[in-house]
Each structure stands twice: as structure tokens, then as C-alpha cells.
Amino acid sequence: TPYLTGMRQVPGVLGRHKEVAYHRYCQASPANLQGLTALAQQNNVMIYAISINRLEPESDTSDTFDRILETIATETGGMALFPTKVKRLPAVFNLINDELRSQYSLAYRSTNPQKDGTFRTIQIYPKSNRYSVRTRSGYYAPRQLAADKH
């Protein structure tokens with residue numbers, strides 16, 4: 001997809017903890033969507049998606065693309081935003097900025113010692129309902145290198 005290519009070409013995105021915001025989604029197959037999500041998850045990239053579909057006359061595919069943006073953002077621990085007026089865009093960018101400045105990182109040791117490169121889901125719940133937690137849906141386990149097997 002154009003986004004997979006775009007992510008590979010943006011210096012400093014892959015292999016680092018960077019956030020990427022997409023302003024519009026173009027046609028892509030479910031396989032490409034899955035590939036984009038997996039690529040972002042493998043590289044610890046959070047995607048903040050901003051749809052402008054609600055700023056324009058509605059098309060037949062607006063709702064479908066907005067659901068796709070929501071899925072990509074949720075699966076990577078980011079957020080999808082859907083402003084309805086152009087004058088709301090600065091507030092949307094400020095919200096993303098605030099989000100990025102108030103993140104916490106958690107670590108844990110998996111009880112599964114396999115280095116098989118599989119996707120493992122995670123769920124985090126706060127002890128109190130006063131707090132909200134948004135996380136990516138999981139992570140990819142490390143792969144054992146051929147040299148490590150011997």
C-alpha cells in the first residue's frame with residue numbers, strides 16, 4: 001500500500017519509537033491493512049489517524065475507511081480522530097500532542113519463553129475506574145536467531 005511504502009521511506013520511523021499521523025486513507029485491501037498494522041506493531045509505532053471524511057460531503061466509503069482508521073489506530077495503541085469542522089483541526093493536533101506528552105511505558109517478563117516471533121496479545125486494566133488505559137493490542141515475540149540455536 002502507499003502507507004507501507006511511506007513508512008519504509010520516512011527516516012527515523014521504523015526501528016524507533018515514533019508516532020505517525022495519517023490524515024486520509026486511500027483504498028487498500030484487508031491484507032494490506034493487516035500488513036500495515038503488523039509493520040507498525042513490530043516496530044513499536046503508534047498510529048494517530050485523523051480522518052477528514054466528515055469535513056467533506058459523505059461518500060459511499062467514508063464509514064468503511066473511518067472504521068479502518070479506527071482499527072489501525074486502536075491496534076497500535078494510537079487514536080483515531082474524526083473532526084467535523086476545519087476549525088477543530090488545531091484542537092485535534094493539540095490532543096495528540098498532549099497524548100504523546102503523557103505516556104507511560106510498562107514492561108513485564110512473559111511467562112512464555114518461546115522465541116518464535118508470534119504475535120501475543122496483552123490486556124492492561126487499571127485498579128480504579130477513575131483511570132483509563134489505552135494500549136496496543138499486543139506485541140511480537142522475539143525470534144531466535146539461527147546462531148543462538150546451537
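Residues numbered from 1 in each chain as written. Predicted model: local features only at pLDDT ≥ 70, side-chain atom pairs only at ≥ 80, totals over all residues. Heavy atoms only, no water.

Caption draft 1: Up close: helix H3 (residues 62-75). In a regular helix each residue adds 1.5 Å, so 14 residues correspond to 20 Å; H3 covers 20 Å between its end C-alpha atoms and thus fits that length. Restricting attention to buried positions, one finds in H3 the residues Ser 62, Phe 65, Asp 66, Ile 68, Leu 69, Ile 72 and Ala 73. Looking straight down H3, one finds its buried side chains confined to an arc of 155°; they lie on one side. Gly 77 sits one or two positions beyond H3 and adopts a positive phi of about 85°. (Helix = DSSP H or I, 4+ residues; strand = E, 2+ residues; numbered from the N terminus. Expected span 1.5 Å × (residues − 1). Buried < 20%, exposed > 50% of the residue type's maximum accessible area, 1.4 Å probe, protein only. Arc of directions from axis to C-beta.)

Caption draft 2: Fine view of the pattern of salt bridges. Within the structure shown, the criterion is met by three salt bridges. A salt bridge links Glu 99 to Arg 134, with the shortest nitrogen-to-oxygen separation between them at 2.5 Å. Here Arg 134 lies in the loop between strand S4 (119-121) and strand S5 (138-140) and Glu 99 lies in helix H4 (residues 89-101), a separation of 35 residues in the sequence. Its salt-bridge partner being Asp 116, residue Arg 120 comes within 3.3 Å of it at the nearest N-O pair. You can call Arg 120 buried: its relative accessible area is 11%. The exposure class assigned to Asp 116 is partly exposed, which follows from its relative accessible area of 32%. (Salt bridge = Lys/Arg side-chain N within 4 Å of Asp/Glu carboxyl O.)

Caption draft 3: Region of the structure containing H4. Between the first and last C-alpha of H4 there are 19 Å, a value that for 13 residues agrees with the 18 Å anticipated at 1.5 Å per step. Within the span of H4, buried status applies to Leu 89, Val 92 and Ile 96. Angular distribution of buried residues about the axis of H4 spans 60°; they occupy a single face of the element. Considering only its buried residues, H4 is in contact with strand S2 (46-50) and strand S3 (79-81). (Contact = heavy atoms within 4.5 Å.)

Caption draft 4: The arrangement of the packing of aromatic side chains in detail. In the structure shown here, the tally under the stated rule is two aromatic pairs. Between Tyr 108 and Tyr 139, the aromatic rings sit 6.2 Å apart at their centres with planes inclined by 80°, giving edge-to-face as the arrangement. Residue Tyr 108 is located in the loop between H4 and S4, and its partner Tyr 139 is located in strand S5; the two are separated by 31 residues in the primary sequence. Aromatic side chains Phe 119 and Tyr 140 sit 5.0 Å apart centroid to centroid with 65° between the ring planes, which places their arrangement in the edge-to-face category. (Phe/Tyr/Trp six-rings, centres within 6.5 Å; stacked < 30°, edge-to-face > 60°.)

Caption draft 5: Structural context of the confidence of the model for the chain. Residues of the chain with pLDDT of at least 70 account for 73%, and the chain-wide mean is 77. Confidence, expressed as mean pLDDT per element, reaches its minimum in the chain at helix H1 (residues 2-9) with 46 and its maximum at S3 with 92. (pLDDT = per-residue confidence, 0-100.)

Caption draft 6: Molecular detail of the side chain of Thr 76. Residue placement: Thr 76 occurs in the loop between H3 and S3. Polar side-chain contacts of Thr 76 include one of 3.0 Å to the backbone nitrogen of Ile 47. Looking at Thr 76, its side chain comes within polar contact range of the main-chain oxygen of Ala 73, at 3.2 Å. With residues near it in sequence (within four places) discarded, Thr 76 still touches Thr 37, Ala 40, Gln 41, Val 45, Met 46, Ile 47 and Arg 136. (Polar contact = N/O pair within 3.5 Å; in protein donor to acceptor, adjacent residues only side chain to side chain.)

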